Each structure stands twice: as structure tokens, then as C-alpha cells.
Amino acid sequence: GMALPQRILFPLEEICMDWQQRQRPGAGLCNMGSTCYINVILQCLTYTPPLANYLLSGDHSQSCHRQGFCMMCTMEAHVRKVLRSSANVIWPRAVVRDLKFIGEEFEPDMAGDAYEFLRCALEAMQRACLSGSSNVDISSQTTTIIHQIFGGFLKFRVTCLKCQAFSDSYKSFLHVLLDIKAPSSLTTALEDFVTPKKLDGKYCLKCSKCEKKATSSSRVTVHCVPKVFTVCLERAADHTGKKISKIVEYPEYLNLRPYMSDTAGEPLLYSLYALVVHSGDTCLDGHFFCYTKASNGLWYKMDDESVDNCGIHAVLRQQAYLLFYAR
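In what follows, the accompanying structure is described. (Residues numbered from 1 in each chain as written. Predicted model: local features only at pLDDT ≥ 70, side-chain atom pairs only at ≥ 80, totals over all residues. Heavy atoms only, no water.)

1. A short note on the pairing of strand β10 (residues 228–234)
Test applied: Summary of the burial criterion: residues with accessible area below 20% of their type's maximum are buried, those above 50% are exposed, and those between are partly exposed, where the area comes from a 1.4 Å probe applied to protein chains only. Starting at the N terminus, helices and strands are each numbered in turn, a helix being any DSSP run of H or I of at least four residues and a strand any DSSP run of E of at least two. Any two strands between which DSSP finds at least two bridges are classified as paired.
In terms of burial, β10 is a largely internal element, 6 of the 7 residues being buried. Here strand β5 (residues 176–179) pairs with β10 via 4 bridges, running parallel. The residue bridging leucine 178 from the neighbouring strand is leucine 233, located in β10.

Structure (C-alpha cells):
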């Protein structure tokens, strides 16, 4: 039911999931006012092995003809600076300077949300990957390096509970937002995510077979898995900024097979390599820091300028906000 791409913009087989060189962690990032929400996402992206491998190769900048701001060129220069320079701390000036091109809602001297910045940063990199390609069909747009790393597909199935007729639709994703009001673990949040929801009353849909509105069920499943699975645990309790501060357990290794459209087959195993933590009483204030796994296989707590070695037990005990898993 999914349209095949007419062009492959970046071949899947060229993505390298393992670090091509092993080294100690790179530099910490200076907080340029209220930029901790930017710093954590820059660090998590820098320690995403397939993205870092590609950016360090210099392939994008060598072929980029984009006039003005390019998020891929900016990220390439940033990752090179963090991982290749001998400095202990660097200033992410280029990113902060061009913040308005990444997302109109961001201001250099105002606090922001890490998930919103991640969303906008990935979209800005996606736009950069498409800038040299004209008349690219929707399916082909999901074959950029960004979609080949972070992108997957969700399947939406609506089933009429009267006649059992169903219809399927598909949507690409770069990250998944999970409700944690009830769940106390990532796996139960994922189970809730794929549990069928009843559509009745004012939510009734017209059944194409019954030819009238009928009670139906709607189910979302992961149809195609990404190379990197990125999850946001929704900590905003409501629009007031009230925060859900509970600990939600998350594993070091995650199997996505139970949440797939097809649950039969081999396990689809992922390994945790980065997470973002928000500290603060409400979602509207506080501070962001992160934990990342460097190319040497060791974990580090990255809190703006400071980069400190830590163990996996500390990593797994956090009030996580964003989780990054690699296939």
C-alpha cells in the first residue's frame, strides 16, 4: 500500500552504523545564555554514529551548492570541530547565529524546548538534503541520508467493528512522541501506543462498505523501522507547563518487534546511545543536560561545558525526556 520512491537520494547500504574511528569524547559546549536545550541536541546528534560518520566524510559540503544557510554544512562543521579539535570547550556560535533559519520560534537569548529543537534541526537537515533536487516525489523524499538514518513508517489501520472492513494508510516519521501519564516504563508506553483505540459517538467514521457511520477501531503500528529510533516521553501534563516528573523506566537494549505491523520474525534489537534529561519543576523553566556514548564505548554526562565519565547504572536511573536508540 506504500508508493515506491522514483529515486533513491542516498543508498541505504552506504550508511555505516559503527564508528569508523574510536577516540575519547569531544569538547563540551559553552552555554551562550539560555542555550542548554540546543547544546543537548547538538551533542546527541554528534554522537549518532551513522550521522557523524557521514558528516566527518565531508561528502555533503563537497557537493553542496546551496546559497546562504545550510543545516547540513553547519552540522558538518560543528561535528568536525567537536570531535577533531583539541579544545575542551567550544562555542556553538554558527548554530546560535542562524537559529531563526532552523526554527522561527527560537531566540538566542530565550529558553527553548529540546524536543522542539530536535524536530526543527532534523527538518532543517532534511530541507538541506533536498535543496539540490527538484521535483522529488513524496516517497523519494524519504530516501535522504536523514530519513535513511532517523526515518521509519507508521501504519494506521481503521477497522469497522460492524462489518470488519478496514483501510490502511502510512506516514513517515523521524521521531515518536509517547504519552506517559499512565505508563511507568518505555515498553508499556509503546504497548499503549499500538493498542487499538475505539472510535464511536462523535468520532465515528463512515465505513466504505456499510456506507454509513459506524463504530470502528483505530490502530497505529510501526511498519518500517528506522536505523535510529528517537523517542520523546511527553512530560507536559497540560498546556499550562505543568510537568510529569515521574521516573519512566527504559532499557539499555530495546526490541521493537512487538510494536510492528508484523510481530512475527526475528527480534529488532536497538541499543541506547544517548538521552536528554530535563531538570526543573515545570516544563517552562529548568535546565537540560544529556548522556551520550562516545566512540570509545564509554558513557559521559554532558552538561554544557562539562564532560564527565559515568557508568551505565547512572544512565539508566534518569528522568529521561528524549531517548536515542541505534539498530
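Having seen the model, we can carry on.
2. Remarks on the pairing of strand β9 (residues 216–224)
Alignment of strand β3 (residues 152–160) against β9, held across 8 bridges, turns out to be antiparallel. Counterpart to phenylalanine 153 in the pairing with β9 is cysteine 224. As paired elements, strand β6 (residues 197–199) and β9 share 3 bridges and run antiparallel to each other. Each bridged residue has a counterpart across the sheet, and for leucine 199 the counterpart in β9 is serine 216.

3. A closer look at the nonpolar core
Rules: Put simply, buried Ala, Val, Leu, Ile, Met, Phe, Trp, Tyr and Cys residues joined by side-chain atoms within 4.5 Å make one nonpolar core. The contact definition used throughout considers only heavy atoms, calling two residues in contact when any of these lie within 4.5 Å.
Counting 65 residues, the largest nonpolar core has Met72, Phe117, Ile146, Val276 and Leu322 as the members making the most contacts within it. Residue contacts for methionine 72: discarding those within four places in its chain leaves Tyr54, Leu55, His60, Met125, Ala128, Cys129, Ile145 and Ile146. Counting 34 residues, the second-largest nonpolar core is a separate cluster that includes Phe173, Phe229, Phe289 and Val315.

4. Here's the deal with the packing of aromatic side chains
This is how the line gets drawn: Aromatic pairs are defined between Phe, Tyr and Trp rings, using the six-membered ring for Trp, whenever the two ring centres lie within 6.5 Å; interplanar angles under 30 degrees are classed as stacked, those over 60 as edge-to-face, and all others as tilted. Note on geometry: a ring has a charge over it if NZ (lysine) or CZ (arginine) is within 6 Å of the ring centre and within 35 degrees of the ring normal.
Enumeration according to the criterion identifies 10 aromatic pairs in this entry. Where phenylalanine 106 meets phenylalanine 117, the ring centres are 5.5 Å apart and the plane angle is 70 degrees; that geometry is what we call edge-to-face. Taken together, the residues phenylalanine 106 in the loop between α6 (99–102) and α7 (114–130) and phenylalanine 117 in helix α7 connect sequence positions 11 residues apart. Each member of the pair, phenylalanine 106 as well as phenylalanine 117, is classed as buried. Members of the aromatic cluster, connected to one another through ring pairs, are Tyr37, Phe106 and Phe117. A cation over an aromatic ring shows up here: arginine 157 above the ring of phenylalanine 166, its NZ or CZ 3.8 Å from the ring centre. The positively charged end of lysine 301 is found above the aromatic ring belonging to phenylalanine 289, 4.6 Å away from the centroid.

5. Overview of the side chain of serine 295
Relative to the assigned elements, serine 295 resides in the loop between β13 (287–293) and β14 (299–303). Serine 295 gets classed as buried once you look at its relative accessible area, which sits at 5%. Apart from residues no more than four positions distant in its own chain, serine 295 is found in contact with Trp19, Gln21, Arg22 and Gln23.

6. Considerations on the packing of helix α1 (residues 36–46) against α7
For clarity, the threshold we go by: Between N-to-C directions, angles span 0 to 180 degrees; the directions come from axes that are lines fitted to C-alpha atoms, helices contributing only their stretch in contact. Orientation is classified from the angle alone, with under 35 degrees giving roughly parallel, over 145 giving roughly antiparallel, 65 to 115 giving roughly perpendicular, and any other angle giving oblique. Handedness of a helix crossing follows the sense of rotation of the near helix relative to the far helix, less than a right angle counterclockwise being left-handed and clockwise being right-handed. The nonpolar class holds Ala, Val, Leu, Ile, Met, Phe, Trp, Tyr, Cys and Pro. Asp, Glu, Lys and Arg form the charged class, and all remaining residues, Gly among them, are polar.
At a closest axis distance of 9 Å, the pairing of α1 and α7 adopts a crossing angle of 50 degrees. Comparing their axes, α7 and α1 come out oblique. You can see that α1 and α7 cross each other, and the crossing is right-handed. Within the contact between the two elements, α1 uses Tyr37, Ile38, Val40, Ile41 and Leu45 and α7 uses Ala114, Phe117, Leu118, Leu122 and Met125. Its residues assigned to classes, the contact of α1 with α7 shows 10 nonpolar, no polar and no charged.

7. Focus: the side chain of threonine 74
This is how it is decided: We call two N or O atoms a polar contact when they sit within 3.5 Å, provided that within protein one can donate a hydrogen and the other can accept it, with sequence-adjacent residues counted only if both atoms are side-chain atoms.
Position of threonine 74 among the secondary structure elements: in helix α4 (residues 71–84). By relative accessible area, which is 12% here, threonine 74 ends up buried. At 2.9 Å, the side chain of threonine 74 and the backbone oxygen of cysteine 70 are in polar contact. Those residues within four positions of threonine 74 in sequence are excluded, and the remaining contacts are Phe69, Ala94 and Val95.

8. What to know about the environment of glycine 297
The topology assignment puts glycine 297 in the loop between β13 and β14. Put simply, glycine 297 and arginine 24 are 273 residues apart on the chain and 9.1 Å apart in space, counted from C-alpha to C-alpha.

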